[in-house]
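Examination of the molecular architecture
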Amino acid sequence: MRSGKKQGHTTIIKRASRREHHAHHGGAWKVAFADFTLAMMALFMVLWIMSSVTEEERKEVVSMLTGESIFDGKVMSPLSSGGAINGPNMIIPGKQGGENATQSVEEKLKQLSELDKLKNSGESLADVNKRSQQEMEELARVIMEITKAFDAQSNMQMEIVPQGLRILVQDDQKREMFQRSSALLTPFFQRLLTQMAPVFNKIDNKIILTGHTDASLYRDQHLYNNWNLSGDRALAARIALEQGGLAKDKVIQVNAMADKMLLKPDQPLSAANRRIEIMVLTHAAADSLYQFFGQHGVKVVKPQTEQGKETP
């Protein structure tokens, strides 16, 4: 028997929604993110390089890129000396008159050339010695002009000795010639030596290069020590001079002195002890050196077999 009351029921209608298919996403965002990452890496590299070099070296890099001088009031200007100097442009102080400074160096170079032309004019020994003295004095004046142009007076010392002109290029409290414990020239001294190089070609005197270190020691003296370092630094100075135009036959000797000839023995770690010495020899001093070592294969020391044949 059916109940008179109908049972209620709920009808559930489920409608399937249509999903819209969006356009396929490209990889442009990946390229943008890669560019951003590369830019950040470049920024960090620049910051790291800026923190690892000195303020002076940063100015030198900027000046080389822009063609301007690192010194206030100075301009980069080549010497119009008719080929007297073939190296890179010299920095001439603008405040003191760039043209006057250029003429001053040119005049001294001309005097050096004229003095050197006298070597084959049948001079007496006294005349030769006098001319050699004049050449050294003129050479010292020209180098001093370059030193002033670079504001490097504290890094350069010169003295005329019986053997020739002795030039000391050394560290000071502001500038280091080489990176510590290495033979890598810093940019300032690389440019300074490059500018000095062509001046030595104006006279026919020979050159000796000598490297000196302070008394700091390497941990393992057998692998590398101050003898190696001073020799490598002297060779680096020779390369810098030749890159600046120095004739390859000018240098007749490269020496390593380690810390055996300290300028300040009471301060063995002083920056003044780290130096390169450029010795411009007189003709007499060069002849003495040739007599000691022999020239072009000439035997200086006779073999023992030949000595035995000589009669007393």
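Everything below is about the structure shown above.
Residues numbered from 1 in each chain as written. Predicted model: local features only at pLDDT ≥ 70, side-chain atom pairs only at ≥ 80, totals over all residues. Heavy atoms only, no water.

**Regarding empty space enclosed by the protein**
A water-sized probe rolled over the atoms picks out the places where empty space is left. By the definition in use, this model includes one cavity of 30 Å³ or more. Quantified by volume, the largest cavity comes out at close to 30 Å³. Lining the largest cavity we find Asp171, Met177, Phe178, Arg180, Arg233 and Arg274. (1 Å grid on protein atoms, 1.4 Å probe; cavity = no way out; pocket = protein on both sides within 12 Å on 5 of 7 lines; lining within 4 Å. Points joined across faces, edges and corners; volume = space filled by probe spheres on them.)

**Examining the nonpolar core**
Grouped together as the largest cluster of nonpolar side chains are 35 residues, with contacts concentrated most on Ile167, Leu192, Met196, Phe200, Ile278 and Val280. Those elements that provide at least two residues to this core are helix 4 (125–149), strand 4 (164–170), helix 5 (187–200), strand 5 (207–212), helix 6 (226–243) and strand 7 (275–281). Looking at which element gives the most residues to this core, the answer is helix 5, with eight residues. Those residues in contact with Leu192 that sit more than four places away from it in its chain are Ile146, Phe150, Ala152 and Met156. Residues Val161, Ile208, Met279 and Leu289 belong to the second largest nonpolar core, which totals seven residues. (Core = buried A, V, L, I, M, F, W, Y, C linked by side-chain atoms within 4.5 Å. Buried < 20%, exposed > 50% of the residue type's maximum accessible area, 1.4 Å probe, protein only. Helix = DSSP H or I, 4+ residues; strand = E, 2+ residues; numbered from the N terminus. Contact = heavy atoms within 4.5 Å.)

**Focus on helix 5**
With 14 residues, helix 5 extends 21 Å from end C-alpha to end C-alpha; this agrees with the ideal 20 Å at 1.5 Å per step. Counted residue by residue, helix 5 has 12 buried out of 14 residues, so it is predominantly covered. Within the span of helix 5, buried status applies to Phe188, Phe189, Arg191, Leu192, Leu193, Thr194, Gln195, Met196, Ala197, Pro198, Val199 and Phe200. (Expected span 1.5 Å × (residues − 1).)

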